[in-house]
Amino acid sequence: MESAELPPSMIARLLEEISWEKATKYRRGGRGMENVLTAEVLIALDLLPRSHFLAAVINSCSGAVATRKRLIEQTEQAEISLLSGDMSVNPSEATASTFIVQPDALITSAGVFTFVEAKRIRTSAFQPEQLARELVAVMSNVGDRIPLLFLLGVEPPVAVKGLGKMPLHDAIQLHLPAVLERAGDIGTSEEELMTKVADVVCWISWPTLAATVEAQLASFSCGDDSTDASIQRTGKQLLSAIAWHS
């Protein structure tokens, strides 16, 4: 296979992102920065046995119960893409070419399209329109899959810049009319979108994710000492990354 046909690795995506930012921000190894933490965690979850670790993390989330169940069933075949670039809020509308969001990661399976929005462990807030934009974007880009907006490192009420902490529904609904006006026709009304939030949006805090992985590590054994040791090292690197960024 030609190298040009291969997708970039998560590390390559992270380096590309860093190249667009001030390098001085990463002098401490990117400590506390969400892109670095997200890369370290998702690389580990990508490589660890998914039915034991990624599926367990998804199961430990709150919200979107039926959609998460579908994704859990498809974790082994899912593709995880970090920092995959600009995504149009509504690709079917010409005006959407300048109305974009940037997912921190995408998890794509045969039946589920997952937009991952990650937040740092230290103080972090959503931009005022961010959640409304991301909800519209995941609904508009889903194709024939089921949409899932996965908030990683988040626990409601959510912090919104300039507005303090708000219930998740309120944070989305407040700016949804303005987002829909800019996005154009997405084939769904504001009222219909808000009724789908419970089925589309899920979240997990960093402490819950760490506790889930720790519990899975404690119970995992495949009967081969070398493989078990490899799983333990990878899982402990994930836990160390969360602790280091805290």
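Residues numbered from 1 in each chain as written. Predicted model: local features only at pLDDT ≥ 70, side-chain atom pairs only at ≥ 80, totals over all residues. Heavy atoms only, no water.

Enquirer: How would you explain the overall build of the protein if you had to name every residue and give the values?
Expert: Assigned secondary structure in the protein consists of 9 helices and 9 strands. The C-alpha atoms of the protein give a radius of gyration of 18 Å, which matches the 18 Å a tight globule of 246 residues would have. Principal axes of the C-alpha set define a box for the protein whose edges measure 55 × 45 × 45 Å. Within the protein, the fraction of its 246 residues that count as buried is 46%. Within the protein, counting contacts between residues at least 6 apart in sequence, those at least 24 apart form 70% of the total. Accessible surface, the protein: about 12200 Å² in total, of which carbon and sulfur atoms supply 51%. (Helix = DSSP H or I, 4+ residues; strand = E, 2+ residues; numbered from the N terminus. Rg over C-alpha atoms; globule rule 2.2 N^0.38 Å. Buried < 20%, exposed > 50% of the residue type's maximum accessible area, 1.4 Å probe, protein only. Contact = heavy atoms within 4.5 Å. Areas by Shrake-Rupley, 256 points an atom, 1.4 Å probe, with all protein chains shown as cover.)

Enquirer: Can you tell me about the side chain of Ser81, naming the residues and giving the values?
Expert: With respect to the helices and strands, Ser81 occurs in strand β1 (residues 79–82). Apart from residues no more than four positions distant in its own chain, Ser81 is found in contact with Arg13, Asp104, Ala105 and Leu106.

Enquirer: If you had to explain the packing of aromatic side chains to someone new, which residues and values would you point to?
Expert: Applying the stated criterion to the full structure yields 1 aromatic pair. Between the aromatic rings of Phe53 and Phe220, the centroid separation amounts to 6.0 Å while the plane-to-plane angle is 50°, which identifies the pairing as tilted. With a gap of 167 residues between them, Phe53 in the loop between α2 (34–47) and α3 (54–59) and Phe220 in the loop between α8 (206–219) and α9 (225–245) connect regions that are remote in the sequence. The cationic tip of Lys119 hangs over the ring face of Phe126; the distance from NZ or CZ to the ring centre is 4.5 Å. (Phe/Tyr/Trp six-rings, centres within 6.5 Å; stacked < 30°, edge-to-face > 60°. Lys NZ or Arg CZ within 6 Å of the ring centre and 35° of its normal.)

Enquirer: Outline helix α6 (residues 168–183), listing residues and values.
Expert: Between its first and last C-alpha, α6 extends 21 Å over 16 residues, near the 22 Å set by a 1.5 Å rise per residue. Largest kink in α6: about 50°, centred on Leu176, with the proline Pro177 one to four residues after it. The secondary structure elements touched by the buried residues of α6 are α5 (130–140), β6 (146–152), β7 (158–160), β8 (164–166), α7 (190–200) and β9 (201–204). Within two residues after α6, Gly184 carries a phi angle of roughly 85°, on the positive side. (Expected span 1.5 Å × (residues − 1). Bend = angle between axes of the 7 residues up to and from the residue.)

Note that every value here comes from positions in space, so none of it alone points to a role or purpose.
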